[in-house]
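# Secondary and tertiary structure notes
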Amino acid sequence: MNLPQITAYIGSKQQKNQQPLEKLVKRPKVKLKENEQPYILFMTFDLNHDQIYFEQPLPYNELQPTEFQYFGNNSAAALQSYLVREVDSLHYLLTSVWNDLYLALKQQGMEESQLSQFILELQEHSLITLGSKKGNGTLSLNRIRFPSSDVTSVELKKKNKSLIIDGKEYKYESFIRWVQGNENKFNRFILLIPQIRRGEEEIILSQHPDYIQFVMKLNNLVSTNKEEESSAQGERVCYLCQQRKGDVSSQYSTKFSRAGINKIFTTTTINSSRYYPKGADYDDAYSLCRKCYQDLLAGEKVVEQRFRGTIARESAFILPEGVMESFDYDSLGKIKDQMDFAFHSSDANEWFNAVEADASWMEQNQFVVNFIIYRTDGNSVTVLDSFEDVPVLRFIQVMDLFRHYSRLIKPHVKGISLGSIYHMVPVRETDKGQIDVGRVLSLYKAILSGHQIDRETIYAYVSEALDKGLRQLMKSKMDNYKNLNLYQYQKREDFYIKRITMSYLVLMQTIQALNLPNKPFFLHIAEEGERMNVDDSRKGYQKSIEEMESFLGRQGFTDEAKALFYLGALVHRVAVAQYLKEHKTKPILKKIQFQGMNQIGILRLYEEVVEKLRQYNKMTLFAENLMNRFHYYHGPIQMKWPLSDHANVFYMMAGYSYMVGTKAPDLSKEEEISLQEMNKEGNE
């Protein structure tokens, strides 16, 4: 199914036990702090005394937005005709709502309705004034009942969301609390419900039958005269259900949320509609019947509430669908939750442990998932990327590979997951948001959709993550690349290097197992292999070298990669010695060009390392064996070195990372103490 079909399917399932207006109901956005208690409040127009009261607070509950018909604010270009508002939108109730509602009722042919007469009656009692245009009306602020009868001036400041009363400024909620004489700041007021008091009768306007009929007409939930005329002229084909009907129109799309999932599709189709001398024919591009419109409207709300998540800290719609047959709403919701969780998990093994208890869907192959990553400012939607028709089995396969290859390099990395990738590729932020998050999304898309991945791009990401992350850690105050989780590595840069390098090692093994790289990273896919059972009577350095050889063999490193790995281990040996000499920043790391190093740079670094080992009197048997392994695998200087500059950095830092947290066999007592200090609180 395409995007609107999925949305309509979800909406059709939801509507079975739903009242007509429920699909329009919003949820207040107020975030409560600890100990705060939410309330709703009635805004009463008392026709007996010609006053306006804010009174009768009731504890807020989740059923009240539906009970009192809370639909949020109307779109900016529309008449502000909805009655129930959040306290943050009090200015609408104090200005244009009454005039705009009256104009909207006239537009819908309801000028003679009882609701219209109520509004005229409010004007007769001088509680409001009406105008002839949108936004003209006002509410008589001097008719509000204040705690004191001495109030002489009341002024509304919409931009500040406040009222100035006798020169003192009150924010909306402070104003509401003041007029009630309620000094308890833990009481939060969520919704304002307008009502009219006449004699002993109290009429809640948002529950009045005329208001309900008006909202249904306004949102195309009932037929209008225009639709009846269109039906008489002929039938059209509904884009969605492909049936000929008399109520097919493109006008329905104007009622969709500006920031909802339906706007993604309607914008692209309307912009691509055919153009005629009299203008674009939108009906050719996106004409719907009322039934499909209602399904989309209901689905839009459900998707926003139930199928919305985040990927790489960007908003995302996560929409599962059945391939061979329809599946119930609860099944789709469970799949969405597990997919969303995977993008926030840092360990695939933990993800499996969490989902396998309730994951009968994992055993089936009839599901695919669609991911739409987007941004919205509330008025428009921008799609950043989308991964369509991702089989659930593919998703599980990817997570299982992450789990498998994480196990193969333990204890060097705790584990990684899809969520880890976002914390491995540097993402720069500005006031406008994440600038280059697109490459993270592209990497997700390639892995989940099976697209080819350029090997050198991955090597470049490693170098960039090391370079930019270490530069930030050297600053007195880090100011960017927050996605790399740098704050936990302050004064612990070795563990940052290890986390980045070993996580990329798992990622490379995973994507090679999926046959995605244009060129392989390793000689073979990493395998469990047999770990060497070294005789304890053998010398410590021999055992360490054999364990390193075993690790490299299982990972499938080429000879050149192995040479660089041993060079990285030597660099770490120098770093420990420098730390002992009170060189806390480990100057040897500054000799590494993390942006990339060619073969000449590698050889110069090797010479520097050998010189430092002699300088610190650390030319031990273990160091000599590391040097021997470097020479053995490097071989004679080659005219054409097979690895790129970025790849050189990765394989070298893999050796460095291997030694982080590992006790070298030639450490002195002083170095052991120094290493313990380096590793303090460093175990991940």
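Data block above holds the structure.
Throughout, a residue's number is its position along its own chain's written sequence, starting from 1. In view of the model being predicted, local features appear only for residues whose pLDDT reaches at least 70, and side-chain atom pairs are presented and counted only at 80 or more, with totals across whole chains, interfaces and linings using the full set of residues. Hydrogens and waters are ignored; side-chain quantities use all the structure's heavy atoms.

### Re the overall build of the protein chain
In DSSP terms, a helix is any run of H or I states spanning at least four residues, a strand is any run of E spanning at least two, and both are numbered starting from the N terminus. Along the protein chain, the regular secondary structure elements total 24 helices and 20 strands. Relative accessibility under 20% of the residue-type maximum defines a buried residue, over 50% an exposed one, and the middle range a partly exposed one, all with a 1.4 Å probe and only protein chains included. A buried classification covers 54% of the 684 residues belonging to the protein chain. Note that accessible areas follow from Shrake-Rupley with a 1.4 Å probe, and for residues the cover is restricted to the protein chains shown. Counting only carbon and sulfur atoms, one obtains 46% of the accessible surface of the protein chain, whose full area is about 31,900 Å².

### Let's talk about the packing of helix α14 (residues 392-408) against helix α18 (residues 493-513)
Look at α14 against α18: their axes get within 9 Å of each other, and the N-to-C directions meet at 130°. Considering the angle they form, α14 stands oblique to α18. The hand of the α14/α18 crossing is right-handed. Here V398, L401, F402, Y405 and S406 of α14 lie close against α18, whose contacting residues are V506, L507, Q509, T510 and A513. Under the grouping applied here, Gly and all other residues not named as nonpolar or charged are polar, the nonpolar ones being Ala, Val, Leu, Ile, Met, Phe, Trp, Tyr, Cys and Pro and the charged ones Asp, Glu, Lys and Arg. When the residues that make up the contact of α14 with α18 are grouped by side-chain class, the tally is seven nonpolar, three polar and no charged. Comment: axis = line fitted to C-alpha atoms, over the contacting stretch for helices; angle = value between 0 and 180 degrees taken between N-to-C directions. An angle counts as roughly parallel when it lies under 35 degrees, as roughly antiparallel when it exceeds 145, as roughly perpendicular when it falls between 65 and 115, and as oblique in every other case. Here is the rule for handedness: rotate from the far helix to the near one, and if that takes an anticlockwise turn smaller than a right angle the crossing is left-handed, while a clockwise turn gives right-handed. Here, two residues are considered to be in contact whenever any of their heavy atoms come within 4.5 Å of each other.

### Concerning the environment of S140
Here S140 shows up in the loop between β5 (138-139) and β6 (154-157). With 12 residues separating them in the primary sequence, S140 and I128 have C-alpha atoms 5.4 Å apart. When near neighbours in sequence (up to four residues on either side) are disregarded, S140 contacts I52, S126, L127 and I128. As used in this structure description, the phrase polar contact means that two N or O atoms lie within 3.5 Å; if the pair is within protein, one of them must be able to donate a hydrogen and the other to accept it, and residues adjacent in sequence are counted only when both atoms belong to side chains. Engagement of the side chain of S140 in a polar contact is seen with the backbone oxygen of S126, the distance being 2.8 Å.

### Examining the sheet that holds β6
Here three strands make up an open sheet; going across it, the order is β6-β7-β8 and the pairing antiparallel. What marks the edges here is a single partner per strand, and that holds for β6 and β8 (168-171). Going from strand to strand, the sheet's axes swing by 25° on average, the running direction of each strand aside. Both strand β7 (residues 162-165) and β8 contribute to a ladder of four bridges, which runs antiparallel. Within β8, the position partnered with S162 by the bridge is K171. Running over the sheet, helix α6 (residues 172-180) touches β6, β7 and β8 and is turned about 105° from β8. Each pair of strands is called paired provided DSSP finds at least two bridges between the two strands.

### What to know about unusual backbone geometry
In this model, K410 is joined to P411 through a cis peptide bond whose omega is 5°. If you trace the backbone, P411 turns up in the loop between α14 and α15 (418-421). Backbone geometry places Q56, a non-glycine residue, at a positive phi of 55°. For Q56, the position within the fold is in strand β2 (residues 51-59). Residue Q56 is classed as partly exposed on the basis of its relative accessible area, which comes to 31%. In this structure, A312 is a non-glycine residue whose phi angle is positive, near 55°. Checked against the element boundaries, A312 lands in the loop between β15 (308-311) and β16 (314-322). A residue is classified by how much of its surface remains accessible, and A312, at 5% relative accessible area, is buried.

Everything listed is a geometric property; what it means functionally is a separate question.
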